[in-house]
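So the chains spell out like this:
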Amino acid sequence: MPSARATLLTAAAAGTAALLLTGCSPAPAGLAGVSVAEDGTPLGVLLMCHDHVDGAMLYPDDVPKESREVTGDWRHDGPVTGFTSWPLLQTAGAPAAERWTPQTQADRLEKGRGYRLAGWTEDGSWSAVPVRFTPEDLARLKPGQVRYTLDDETLTSSLDDFRDRACDEAAGGREEH
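None of these values were measured; they are calculated from a predicted model.

**Student:** Requested: an account of the state of the cysteines, with residues and values cited.
**Tutor:** What the rule picks out here adds up to one disulfide. Residue Cys 49 pairs covalently with Cys 167 via a disulfide, S to S 2.1 Å. The disulfide joining Cys 49 to Cys 167 has a torsion of about -85 degrees about its S-S bond and is therefore left-handed. Of this pair, Cys 49 sits in the loop between strand S2 (42–48) and strand S3 (53–60) while Cys 167 is found in helix H3 (residues 159–173), placing the two residues 118 residues apart along the sequence. Classification of Cys 49 as partly exposed rests on a relative accessible area of 32%.

**Student:** Can you break down the side chain of Thr 134 residue by residue, with the values?
**Tutor:** Within the secondary structure layout, Thr 134 lies in the loop between strand S8 (126–133) and helix H2 (135–140). Those residues in contact with Thr 134 that sit more than four places away from it in its chain are Arg 113 and Gly 114.

**Student:** Lay out the confidence of the model for the protein with the relevant residues and their values.
**Tutor:** The pLDDT averaged across the protein works out to 82; a share of 82% of its residues lies at or above 70. Ranking the elements of the protein by mean pLDDT puts helix H1 (residues 4–22) last with 32 and H2 first with 97. Confidence drops under pLDDT 50 across residues 1–23; counting only partners more than four residues distant or on other chains, this segment forms two contacts.

**Student:** Got a sec to walk through the pattern of salt bridges? Specific residues and values, please.
**Tutor:** Scanning the entire structure with this criterion turns up nine salt bridges. In this structure, Asp 77 and Arg 99 form a salt bridge, with 2.7 Å as the shortest nitrogen-oxygen distance. Of the two residues, Asp 77 sits in strand S4 (residues 72–80) while Arg 99 sits in the loop between strand S5 (83–87) and strand S6 (100–104), which places them 22 residues apart along the sequence. Using a relative accessible area of 53% as the deciding quantity, one classes Asp 77 as exposed. With its nearest N and O atoms 4.0 Å apart, the salt bridge here joins Glu 169 to Arg 165. With Glu 169 and Arg 165 both in helix H3 and four residues apart, this pair spans about one turn of that helix.

**Student:** Please provide a residue-by-residue account of the pairing of strand S10 (residues 153–158), values included.
**Tutor:** Where strand S9 (residues 145–150) and S10 come together, six bridges link them in antiparallel fashion. Note that in S10 the partner of Val 146 across the bridge is Ser 157. The turn joining S9 and S10, which pair antiparallel and follow one another in sequence, is formed by two residues; a positive phi near 50 degrees is taken by Asp 151.

**Student:** How would you explain the nonpolar core if you had to name every residue and give the values?
**Tutor:** Core analysis: the biggest nonpolar cluster contains 24 residues, and Val 34, Leu 46, Trp 74, Trp 86, Leu 117 and Phe 133 have the highest contact counts within it. Of all the secondary structure elements, the ones that give two or more residues to this core are strand S1 (27–36), S2, S3, S4, strand S7 (115–120) and S8. Membership of the second largest hydrophobic core comes to ten residues, among which are Leu 31, Val 45, Leu 47 and Tyr 148.

**Student:** Quick one: what's the story with the packing of aromatic side chains, residue by residue and with numbers?
**Tutor:** Per the counting criterion, the structure on display carries four aromatic pairs. Between the aromatic rings of Trp 86 and Trp 100, the centroid separation amounts to 4.3 Å while the plane-to-plane angle is 25 degrees, which identifies the pairing as stacked. Here Trp 100 lies in strand S6 and Trp 86 lies in strand S5, a separation of 14 residues in the sequence. Plain terms: the ring middles of Tyr 148 and Phe 162 are 4.7 Å apart, the flat faces sit at 55 degrees to each other, and that makes the pair tilted.

Definitions and cut-offs
- Residues numbered from 1 in each chain as written.
- Predicted model: local features only at pLDDT ≥ 70, side-chain atom pairs only at ≥ 80, totals over all residues.
- Heavy atoms only, no water.
- Disulfide = S-S within 2.5 Å.
- Helix = DSSP H or I, 4+ residues; strand = E, 2+ residues; numbered from the N terminus.
- Buried < 20%, exposed > 50% of the residue type's maximum accessible area, 1.4 Å probe, protein only.
- Contact = heavy atoms within 4.5 Å.
- pLDDT = per-residue confidence, 0-100.
- Salt bridge = Lys/Arg side-chain N within 4 Å of Asp/Glu carboxyl O.
- Pairing = 2+ DSSP bridges.
- Core = buried A, V, L, I, M, F, W, Y, C linked by side-chain atoms within 4.5 Å.
- Phe/Tyr/Trp six-rings, centres within 6.5 Å; stacked < 30°, edge-to-face > 60°.

This is the structure we're talking about:
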């Protein structure tokens, strides 16, 4: 009879293989968004509704997944729960990125090109729903606004409304306003 450890390892390996073979994405536990600082610096925003993510990745959305280039990759110094934001670009006026360490960070985004920002976990267990945007979309945002995706719809709201209501809306409690 196999040991409990052998059974657990076999189950874990089978689960990992199933995820890899089916191409399943991690379950969303939060929402990614973009905002801008007072000086116009683009900001990444994560709002975790439950569980956590460990980092975030910014990538062009016009490149196949298998050959995807990474525009920005950040790691947080602990699990991200609740709300956080950080600068997406390395610029002179960018606000400090508390608890975020850039692994890769661009100094500009290409005009007319679409990007996606998403949150991820080291073990692939959870994610944050990605947001799609262009530099032109960022230019239309005012400080204090956030752009995010909910049910395949791109929305813009105040940061306060995003923090207060987006998780409820994502869970199905969406109200008409």
